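Residues per chain are reported as follows:
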Amino acid sequence: MLTSLQTAYSDTRAADLAWTLGREPLPALAVLDLQLGGAKVQMRLLGASHQVLLEEERRTCSETVACLPGSSAPLPLGVAERMGDWEYEFAARVETLSEGSFAGRAQELLALVADHPHGLAGTFPGSPYAFTAMLAQRTRGQVHWRTWHAYPQEGQLVVTRTRVGARTGAPVS
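The following paragraphs examine the structure supplied in this document. (Residues numbered from 1 in each chain as written. Predicted model: local features only at pLDDT ≥ 70, side-chain atom pairs only at ≥ 80, totals over all residues. Heavy atoms only, no water.)

## Some words on the environment of Gly78
Note the cut-off: Secondary structure elements are defined from DSSP: runs of H or I of at least 4 residues count as helices, runs of E of at least 2 residues count as strands, and each element is numbered from the N terminus. The contact rule is simple, with two residues in contact once any of their heavy atoms fall within 4.5 Å.
Tracing the backbone through its elements, the reader meets Gly78 in strand β7 (residues 78-83). Spatially, the C-alpha atom of Gly78 lies 9.6 Å from that of Thr162, the residues being 84 residues apart in sequence. Each residue touching Gly78, except ones within four places of it in the same chain, is listed here: Phe90 and Ala91.

What follows is the structure in structure tokens.
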């Protein structure tokens, strides 16, 4: 699903993004609710980037990657956490592209996510390539999602990937 977000672009630099786990739901500009096997996934586009809420068998996970007031910690390259009998893994990278390469990559990603049944993308006013996009899937009892945060004024694309699922040795649902 592709939507035009009616708000000011509030996280205008890749370096302003921060990551948090366990945050309460924030006000969303667009939401996509998914049922992936036994997991309920809610992908949320924020004015300041994204939030994913996951619920499965009375377990929950909330991931937020956004420009958060009062947060000065940079976006981590990787995080691995145990959450009860779940494992949570997060990775992020920043791609810096030329203007032409950025436009091509932006068009490719928006087309991929817009046409995917588990995809949500929102474009911000001011540039057709200022967007946040998300894509979720379930594979072998684990929920995965990827996100892309585009900063055309910097030629930067922040790419994240997350995996949440049963710990090794724990029963897979």
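## Some details on the packing of aromatic side chains
Here is the rule we go by: Working definition: rings of Phe, Tyr and Trp (its six-membered ring) pair if their centres are within 6.5 Å, and the pair is stacked with planes under 30 degrees apart, edge-to-face with planes over 60 apart, and tilted otherwise. Accessible area is worked out with a 1.4 Å probe on protein chains only. A residue is then buried under 20% of its type maximum, exposed over 50%, and partly exposed in between.
Going through the model one piece at a time under the given rule, you end up with two aromatic pairs. With a centroid separation of 6.2 Å and an interplanar angle of 35°, the aromatic rings of Trp19 and Tyr88 are classed as tilted. A residue pair is termed long-range when its members are at least 10 positions apart, and Trp19 in strand β2 (residues 18-21) and Tyr88 in strand β8 (residues 86-96) qualify at 69 residues. Assessed through its relative accessible area of 18%, Trp19 is described here as buried. Summarising the aromatic geometry, the rings of Trp19 and Phe90 are spaced 5.9 Å apart at their centres and angled 35° between planes, so their arrangement reads as tilted. Note that Trp19 is positioned in strand β2 and Phe90 in strand β8, a separation of 71 residues in sequence. Members of the aromatic cluster, joined through ring pairs, are Trp19, Tyr88 and Phe90.

## With respect to the pattern of salt bridges
Two side chains carrying opposite charge are able to pair once their charged atoms lie near each other. Put simply, the test is: The term salt bridge refers to a side-chain nitrogen of Lys or Arg lying within 4 Å of a carboxyl oxygen of Asp or Glu.
Counted by the stated rule, this structure contains eight salt bridges. Glu56 is the salt-bridge partner of Arg138, the closest N and O atoms lying 2.9 Å from each other. With a gap of 82 residues between them, Arg138 in strand β10 (residues 131-139) and Glu56 in strand β5 (residues 49-56) connect regions that are remote in the sequence. Assessed through its relative accessible area of 23%, Arg138 is described here as partly exposed. With its nearest N and O atoms 2.8 Å apart, the salt bridge here joins Arg105 to Glu108. One end of the pair is Arg105 and the other is Glu108, both in helix α1 (residues 99-114) and three residues apart, which spans about a single turn.

## Thoughts on the side chain of Arg44
For clarity, the threshold we go by: When charges are counted, neither His nor the chain ends are considered; positive counts come from Lys and Arg and negative counts from Asp and Glu. As used in this structure description, the phrase polar contact means that two N or O atoms lie within 3.5 Å; if the pair is within protein, one of them must be able to donate a hydrogen and the other to accept it, and residues adjacent in sequence are counted only when both atoms belong to side chains.
With respect to the helices, strands and loops of the structure, Arg44 is situated in strand β4 (residues 39-46). Buried and unpaired, Arg44 has no salt bridge, with Asp33 as the nearest side chain of opposite charge at 6.8 Å. In terms of polar contacts, Arg44 uses its side chain to reach the backbone carbonyl oxygen of Leu26, at 2.2 Å. Within the structure, the side chain of Arg44 is placed 2.8 Å from the side chain of Gln42, a separation counted as a polar contact. Setting aside its immediate chain neighbours within four residues, Arg44 contacts Pro25, Leu26, Pro27, Ala28, Ala30, Val31, Ser49, His50, Gln51, Leu53 and Met134.

## Some details on unusual backbone geometry
Glycine aside, negative phi is the norm for most residues, and most peptide bonds take the trans geometry. With a phi close to 45°, Glu57 is a non-glycine residue in the positive phi region. As for its position among the elements, Glu57 is in the loop between β5 and β6 (59-66). Even without being glycine, Arg58 reaches a positive phi, approximately 65°. Mapped onto the secondary structure, Arg58 falls in the loop between β5 and β6.

Purely geometric stuff here, so don't read any function into it on its own.
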